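# Observations on the three-dimensional arrangement
Now for the letters of each chain:
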Amino acid sequence: MKLALLSDLHANERALLACLEHAKTQGADQWAILGDLVGYGPEPEAVVAHCQRLAADGATVLRGNHEALAITPPAKPERQGEFTARWTHERLTLSQRQWLAQLPLTTQLGSVLLVHASVNDPEQWRYVEDEGSAARSLQAATQAHPHVRFVMGGHVHHQSLYYRGQGGALMRFSPVPGVPIPVPAHRHWIATVGSVGQPRDGDTRAAYALLDLGKHQLTFWRVRYDHAAAAHAVRTAGLDEALARRLESGR
């Protein structure tokens, strides 16, 4: 099985289609969307429709914090994502909002546990951004699901891999795009797969990962797409200028 892992699409249809096409060329035969289909971006209805079609064909789709915001926008928004939530809510159809509301927070596929943020209290949307937070998420995963060896998530908009060394402590590994990483199942692994629709590491390319469970390899990918057109679409939609500049800079 080659499992394509896509997260934080953020209503960026161009980036999503580029990653889906790239993953097909790499032999992906199973798909997982790890939450935040919407938020920030200009094409929420189109992106949700793509994900609904993937789900109908057997893909796993999770709910992220921006789905929660879009379903019930805050009355008094305070953060950037909250300000776009009302706009997103109004563009999604009722059936799309209902579909998003019933998506799970976590799903297990054999030895792989999928989550948007952290496995410990996933509804709290904690960031897995260092060894300590990765260890807490992994501990929660293995306590609840003893056969899990891999935890795959998103939320932080960066690509990282952590593994448990011989001493028991988690160690962080910075992946190189396109270079397969051996991930033997005798270890525990936890990864953040990056953001398809809004990278924040200074690289404008869309990000996703491919887990090959036959070869026990994990490959992190960066995919070029027309990010300038995506930024233009943000401006045309009347969304915050900072959201367009973020796509142009990757930060």
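Below you will find a few notes about this structure.

Parameters at a glance
- Residues numbered from 1 in each chain as written.
- Predicted model: local features only at pLDDT ≥ 70, side-chain atom pairs only at ≥ 80, totals over all residues.
- Heavy atoms only, no water.
- Pairing = 2+ DSSP bridges.
- Helix = DSSP H or I, 4+ residues; strand = E, 2+ residues; numbered from the N terminus.
- Contact = heavy atoms within 4.5 Å.
- Axes fitted to C-alpha atoms, helices over the stretch in contact; angles between N-to-C directions.
- Salt bridge = Lys/Arg side-chain N within 4 Å of Asp/Glu carboxyl O.
- Buried < 20%, exposed > 50% of the residue type's maximum accessible area, 1.4 Å probe, protein only.

## Notes on the sheet that holds strand 12 (residues 217-223)
In space, the six strands of this open sheet follow the order 3-2-1-11-12-9, with mixed pairing throughout. Strands with a single pairing partner mark the edges of an open sheet, and in this sheet they are strand 3 (60-61) and strand 9 (181-182). Relative to strand 3, strand 2 (residues 30-33) runs parallel, the two being bridged by two bridges. Looking at the pairing, I33 lines up with V61 of strand 3. Contacts between helix 1 (residues 13-25) and the sheet are confined to strand 1 (2-6), strand 2, strand 11 (206-212) and strand 12, with strand 11 contributing the most and set at about 30 degrees to the helix.

## Considering the pattern of salt bridges
Under the criterion given, the structure shown has eight salt bridges. Note that D203 and R222 form a salt bridge whose closest N and O atoms lie 3.9 Å from each other. With a gap of 19 residues between them, D203 in the loop between strand 10 (189-193) and strand 11 and R222 in strand 12 connect regions that are remote in the sequence. Relative accessible area serves as the criterion here: at 9%, R222 is assigned to the buried category. Of the charged contacts, one joins R235 and E248 as a salt bridge, the two residues approaching to 2.9 Å between their closest N and O atoms. Taken together, the positions of R235 in helix 7 (residues 227-236) and E248 in helix 8 (residues 241-249) put the pair 13 residues apart, joining distant regions of the chain. Classification of E248 by relative accessible area gives partly exposed; the value is 38%. Among the ionic contacts, a cluster of salt bridges with common partners joins D201, D203, R205 and R222.

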